[in-house]
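Tertiary structure, described
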Amino acid sequence: MLELKSAGKRYKKQSIFNNLTHAFPVGVTIMTGASGVGKSTLLRLCASAEKPSSGEICWRGQNIRKNLKPFRKILGYAPQIIDFPEDLSAGDFMLHVAAMKSIHVKPAIAQSHAILGRLGLLRDIDKSIRSFSGGMRRRLGVAQAFLGEPECLIIDEPTAELDPKTARSVHELIFEHASQAVIIMTTHLEDSLSDFQFDRFELTQTS
Amino acid sequence: MSAFATFFKQQWSRHLRSPALWVVILGTMIGARYIIPLPDAGYSTLSVNNHYPEPSSSVMGLQLGVVTALLMTPLAYIFLRAGPTRVQPWQIDAVTPSRRFARNLGQGMADISVLWLLLFFVGVAALS
């Protein structure tokens, strides 16, 4: 369980949100809210990419900032924007992330093939990322988050730029992991998730 | 294969795929050919005790080394550190548990290997 305990974020004098308290259980939680309300910022905080200005974020009762390494071992994070190394192939990119996650090469290759296969990118595994479309990049960004079978998955807009059929395959992959992981994601396609079970967490201006 | 080997292999392949590397290598080779003066050249030459040094391979190597070290190596270094091969998916790397040591060592060794490759080509140009 990932918990926000009076968490707040402020950039200089601008407060993004204040005093947020919430527990994200195992399963999928869709974070909703108007544009600019701070959804991506909150996801970055939950992924330990930024520090909260106040309060704390806990994984299984432990403050993640004080237990960064153990938390990051069980984390999969797909941010909205990734600086892809354009000259690498999709397979090499997956191996790069796997090495950063301390996953050995053999299991990393097996996992990469399995995940990319699920997301329809296996044919393109040897192509350089430079030749990828926006939708392929988005799927590759989501794919790397699943390396290492993470217990906590944080995914920011996984289906932006995807057609409905491809978006469906991404959602299916995410929801397959719902029984084993805490999954927090934002999506603009909430209406297409009527077949799936999930919790909602709404972030508002007054949060 | 360890993380170090993964990063070394990836960075090495990225360098070899980069056209800029081959431009730098070509530049150093052409540069190396012009370093050795013709017998009737009127411009400044290295001298030892007011004598022209014997144009032995070691003297030419010294001359090449001076110019390479002073001119080409900084260019190669700038290329290596600022080129497109340095792009990292930092948004993801920042939240991974790995120590950066293996990545930095692997990529650093690949950079050094490319510099050796440069020097090898300079040597080939000088001897040919």
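Summarised in this report is the structure supplied together with it. (Residues numbered from 1 in each chain as written. Chains lettered and ligands numbered in written order. Predicted model: local features only at pLDDT ≥ 70, side-chain atom pairs only at ≥ 80, totals over all residues. Heavy atoms only, no water.)

**Topic: the overall build of chain B**
Within chain B, the secondary structure is distributed over five helices and zero strands. Ordered by position from N to C terminus, the α and β elements of chain B give α-α-α-α-α. Evaluated residue by residue, chain B yields a buried proportion of 36% over its 128 residues. A sequence separation of at least 24 residues applies to 80% of the contacts in chain B between residues at least 6 apart. As displayed, chain B offers around 7700 Å² of accessible surface, 71% of which is attributable to carbon and sulfur atoms. (Helix = DSSP H or I, 4+ residues; strand = E, 2+ residues; numbered from the N terminus. Buried < 20%, exposed > 50% of the residue type's maximum accessible area, 1.4 Å probe, protein only. Contact = heavy atoms within 4.5 Å. Areas by Shrake-Rupley, 256 points an atom, 1.4 Å probe, with all protein chains shown as cover.)

**Structural notes on the interface of chain B and chain A**
It is common to give the size of an interface as the accessible area lost on bringing the parts into contact. Facing the 24 residues of chain B at the interface are 27 residues of chain A. Across the chain B/chain A interface, buried area totals approximately 2200 Å², and carbon plus sulfur atoms make up 63% of it. When the area that chain B buries against chain A is broken down by residue, the three leading residues are B:I92, B:V95 and B:P97, summing to 29%. Residues A:D87 and B:R14 are paired through a salt bridge, measuring 3.0 Å at the closest nitrogen-oxygen approach. (Buried area = accessible area lost by both parts, 1.4 Å probe. Salt bridge = Lys/Arg side-chain N within 4 Å of Asp/Glu carboxyl O.)

**A few points about the pairing of strand 2 (residues 14-24) of chain A**
Residue and element names in this part refer to chain A. In this sheet, strand 2 lies alongside strand 1 (residues 2-11) in antiparallel orientation, the contact comprising seven bridges. Within strand 2, the position partnered with A7 by the bridge is L20. Here strand 1 folds back onto strand 2, and the loop between the two strands holds two residues, one of which, K12, carries a positive phi near 50 degrees. (Pairing = 2+ DSSP bridges.)

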